[in-house]
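Tertiary structure, described
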Amino acid sequence: SAIPTQLGLLRQMGSAFWLGSNSLSLAIPTQLGQLSQMGFDFRLYANLLSSTIPTELGNLVQMSSLFSLRSNSFSMAIPTELGRLVQMSSIFTLGSNLLSSAIPT
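First, a word on what this report is: a plain description of the structure on this page. None of these values were measured; they are calculated from a predicted model.

Considering the pairing of strand β5 (residues 65–68)
Taken together, the three bridges between strand β3 (residues 40–43) and β5 define a ladder with parallel strand orientation. Bridged to F40 within β5 is S65.

Structure follows, in structure tokens:
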């Protein structure tokens, strides 16, 4: 099943957004980029998510640790917008996907 776009309305959520290991499919809704208060623990790992990683996730500029999109089926390039997550100090994982580009600078 798909991730509901309405979850993007949880704009005051600051931590512990866990949807890992749920067999979620399709793409990550761009609306999740509206979770601008998210500071740590954003997990969408081990699902069946595909397509590209939305550039809007670069709006999660408060993220400081544990951002995990590992073990899905994302393809194409890593969005350069993820470079806005400059407060990240630990655990940023995109591993075990089908990404096909270099790490953006």
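Some words on the pattern of salt bridges
Per the stated rule, a full pass over the model turns up one salt bridge. With a closest N to O distance of 2.5 Å, R43 and D41 form a salt bridge. R43 sits in the buried class, given a relative accessible area of 18%.

What about the side chain of N97?
Tracing the backbone through its elements, the reader meets N97 in the loop between β7 (90–93) and β8 (98–99). Taking relative accessible area as the criterion, N97 reaches 16% and is therefore assigned buried. There is a polar contact of 3.2 Å between the side chain of N97 and the backbone nitrogen of F74. A polar contact of 3.3 Å, which involves the side chain of N97, links it to the backbone oxygen of G95. Here N97 is in contact with L69, R70, S71, N72, S73 and F74, once residues within four sequence places are set aside.

Focus on the sheet that holds β8
Read from one edge to the other, the open sheet built from four strands follows the order β2-β4-β6-β8, with strand pairing classed as parallel. At either margin of the open sheet sits one strand with a lone partner, and together these are β2 (25–26) and β8. As judged from the two bridges shared by strand β4 (residues 48–51) and strand β6 (residues 73–76), these two strands associate in the parallel manner. Bridging from a neighbouring strand, S50 pairs with S73 of β6.

Things to note about the packing of aromatic side chains
Applying the stated criterion to the full structure yields three aromatic pairs. Plain terms: the ring middles of F42 and F67 are 5.5 Å apart, the flat faces sit at 15° to each other, and that makes the pair stacked. A residue pair is termed long-range when its members are at least 10 positions apart, and F42 in strand β3 and F67 in strand β5 qualify at 25 residues. F67 sits in the buried class, given a relative accessible area of 0%. Measuring from ring centre to ring centre gives 5.1 Å for F67 and F92, while their planes differ by 10°; the resulting arrangement is stacked. In this pair, F67 sits in strand β5 while F92 sits in strand β7, placing the two residues 25 residues apart along the sequence. Residue classification places F92 among the partly exposed positions, given a relative accessible area of 36%.

What counts and how
Residues numbered from 1 in each chain as written. Predicted model: local features only at pLDDT ≥ 70, side-chain atom pairs only at ≥ 80, totals over all residues. Heavy atoms only, no water. Pairing = 2+ DSSP bridges. Helix = DSSP H or I, 4+ residues; strand = E, 2+ residues; numbered from the N terminus. Salt bridge = Lys/Arg side-chain N within 4 Å of Asp/Glu carboxyl O. Buried < 20%, exposed > 50% of the residue type's maximum accessible area, 1.4 Å probe, protein only. Polar contact = N/O pair within 3.5 Å; in protein donor to acceptor, adjacent residues only side chain to side chain. Contact = heavy atoms within 4.5 Å. Phe/Tyr/Trp six-rings, centres within 6.5 Å; stacked < 30°, edge-to-face > 60°.

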